[in-house]
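What follows is the residue order along each chain.
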Amino acid sequence: MRGLKDKVVIITGGAGGIGAALSARFAAEGSKVAIFDLNAASADEVVEGIKTNGGTAIGCAVDITDHDAVNEAVARIEATLGPVDVLVNNAGWDHADRFVNTTPALWQKLISINLVGPLNLHHAVLKGMLERGHGRIVNIASDAGRVGSSGESVYSACKGGIIAFTKTIARETARKKINVNVVCPGPTDTALFKDFAGEGESGDKLRGALEKAIPFGRLGQPEDVVGAVCFLASDDASFITGQVISVSGGLTMAG
Ligand SMILES: NC(=O)c1ccc[n+]([C@@H]2O[C@H](COP(=O)([O-])OP(=O)(O)OC[C@H]3O[C@@H](n4cnc5c(N)ncnc54)[C@H](O)[C@@H]3O)[C@@H](O)[C@H]2O)c1
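Residues numbered from 1 in each chain as written. Predicted model: local features only at pLDDT ≥ 70, side-chain atom pairs only at ≥ 80, totals over all residues. Heavy atoms only, no water.

**Overview of the overall build of the protein chain**
For the protein chain, the count of helices and strands is nine helices and seven strands. C-alpha extents for the protein chain along the principal axes are approximately 50 × 40 × 35 Å. Looking at the protein chain as a whole, 47% of its 255 residues are labelled buried. In the protein chain, the share of contacts with a sequence separation of at least 24, taken over all contacts with a separation of at least 6, comes to 73%. As presented, the protein chain carries roughly 11,900 Å² of accessible surface, and 54% of it is formed by carbon and sulfur atoms. In the protein chain, the 24 positive side-chain charges and the 28 negative ones have mean positions that sit 9 Å from each other. (Helix = DSSP H or I, 4+ residues; strand = E, 2+ residues; numbered from the N terminus. Buried < 20%, exposed > 50% of the residue type's maximum accessible area, 1.4 Å probe, protein only. Contact = heavy atoms within 4.5 Å. Areas by Shrake-Rupley, 256 points an atom, 1.4 Å probe, with all protein chains shown as cover. Lys, Arg positive; Asp, Glu negative; His and termini not counted. Charge placed at Lys NZ, Arg CZ, Asp CG, Glu CD.)

As structure tokens, then:
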């Protein structure tokens, strides 16, 4: 993909299912990857894998809900790798339940990770991007934020919020040649999906029903998501901003 070589790319949640695939792909494109994740041990594993394949990556143990910690981590990465060219807001968390059964404490946790976390990252990198007149941001939302999803009310609200936020930031920053777009995975086979679907018979039932409903006849794999993200971060997408692309095997076909 054009324009990714030597670029400094922050990937939040880069130790998880989709994030690890994204980290490996950006590194394979020649980008210098900084993995921001709560899970330091898994981030180190991803970093080691990238280095074994000749790529450049650094792990950064950081909680994206902590504004000061995010600012410090971004400053540290910029001092080591150089100014951030690309930000991929991928970290996320979910807990499935009907809205009437949820509590304000759960809402707060969902909002902190899925909405405030990405705001913190935008806040930390955007000023520099505006000064340099260059930058790419790809926000990983969810089809739940486009079409809704039973059991994911507050998560959906956060993801819908990220979509609206992206469009606004895209408008505010376009004159400075900053592109901000959204990729919405559909059901994708990761730890997050396993937690959502649940164990045993009911989990298998949901998985089977989704496989039937998805036109391509299977769940997404983390590697299915990376192409759209790398494209939006590449020079081939330099005239695209404020857009939303679903990667869901056709499960949703939003206009
Ligand atoms: N898997 C799916 O079916 C699916 C569907 C739609 C959207 N998504 C979105 O894709 C993105 C990646 O999800 P995934 O399926 O790979 O999940 P995952 O659970 O495999 O990975 C999520 C990663 O985010 C990290 N993380 C969570 N909270 C954090 C915090 N506060 N600070 C730093 N890191 C934190 C976790 O440690 C983990 O490594 C998420 O934004 C998710 O909402 C996933």
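**Examining unusual backbone geometry**
Most peptide bonds take the trans configuration, and most residues that are not glycine carry a negative phi. Although it is not a glycine, D6 sits at a positive phi angle of roughly 65 degrees. In this model, K177 sits at a positive phi of 60 degrees, which is unusual for a non-glycine residue. Along the chain, the position of K177 falls in the loop between α6 (153–173) and β6 (178–185).

**Let's talk about the nonpolar core**
Side chains that are nonpolar tend, in soluble globular proteins, to be buried together. By size, the foremost hydrophobic cluster in this structure holds 30 residues, and its most contacted members are I11, L22, F26, V33, V88, V183 and V229. Elements supplying a minimum of two residues to this core: β1 (8–12), α1 (17–28), β2 (32–37), α2 (40–52), β4 (86–89), β5 (135–140) and α9 (222–233). When residues no more than four places from it in sequence are discounted, the contact partners of L22 are I11, V88, N90, V226 and V229. Of all hydrophobic cores here, the second largest spans 25 residues; its members include C60, V84, L126 and A170. (Core = buried A, V, L, I, M, F, W, Y, C linked by side-chain atoms within 4.5 Å.)

**Brief notes about the sheet that holds β5**
Taken together, seven strands build an open sheet; the order of strands is β3-β2-β1-β4-β5-β6-β7 and the sheet is parallel. What marks the edges here is a single partner per strand, and that holds for β3 (56–61) and β7 (244–247). Strand-to-strand twist in this sheet, taken as the mean axis angle between neighbours without regard to direction, amounts to 20 degrees. Two strands pair when backbone bridges link them, and β6 and β7 are joined in this way by four bridges, in the parallel orientation. Its bridge partner lying in β7, C184 is registered against S246. In this fold α2 packs onto β2 and β3, with an angle of close to 175 degrees to the strand it touches most, β3. This element, α6, spans β5, β6 and β7 of the sheet and lies at about 160 degrees to β6. (Pairing = 2+ DSSP bridges. Axes fitted to C-alpha atoms, helices over the stretch in contact; angles between N-to-C directions.)

**Thoughts on the environment of H95**
In this structure, H95 sits in the loop between β4 and α4 (104–132). H95 sits in the partly exposed class, given a relative accessible area of 39%. Sequence separation between H95 and G55 is 40 residues, and the spatial gap between their C-alpha atoms is 34 Å. When residues no more than four places from it in sequence are discounted, the contact partners of H95 are L106, L110 and G151.

**Quick word on the pairing of β6**
Successive side chains on a regular strand alternate, one facing one side of the sheet and the next facing the other. Summarising burial for β6: eight of the eight residues are buried, a large majority. A two-sided burial pattern is seen for β6, the buried positions comprising I178, V180, V182 and C184 on one face and N179, N181, V183 and P185 on the other. Where β5 and β6 come together, six bridges link them in parallel fashion. Across the sheet, G135 pairs through a bridge with I178, a residue of β6.

**Quick notes on the side chain of S142**
Position of S142 among the secondary structure elements: in the loop between β5 and α5 (144–147). Among the polar contacts made by the side chain of S142, one reaches the main-chain amide nitrogen of A144 at a distance of 2.9 Å. For S142, the contacting residues outside a window of four places in its chain are Y155, K159, C184 and P185. (Polar contact = N/O pair within 3.5 Å; in protein donor to acceptor, adjacent residues only side chain to side chain.)

**Some thoughts on the confidence of the model for the protein chain**
A residue-level look at the protein chain finds 100% of positions with pLDDT of 70 or above and a mean pLDDT of 97. The secondary structure element of the protein chain with the lowest average pLDDT is helix α7 (residues 191–197), at 92, and the one with the highest is β4, at 99. (pLDDT = per-residue confidence, 0-100.)

**Quick word on the pairing of β4**
Burial of the side chains of β4 extends over both faces: V86 and V88 are buried on one face and L87 and N89 on the other. Relative to β4, β1 runs parallel, the two sharing three bridges. Across the sheet, the residue bridging to I10 is L87, located in β4. Pairing between β4 and β5: four bridges, direction parallel.

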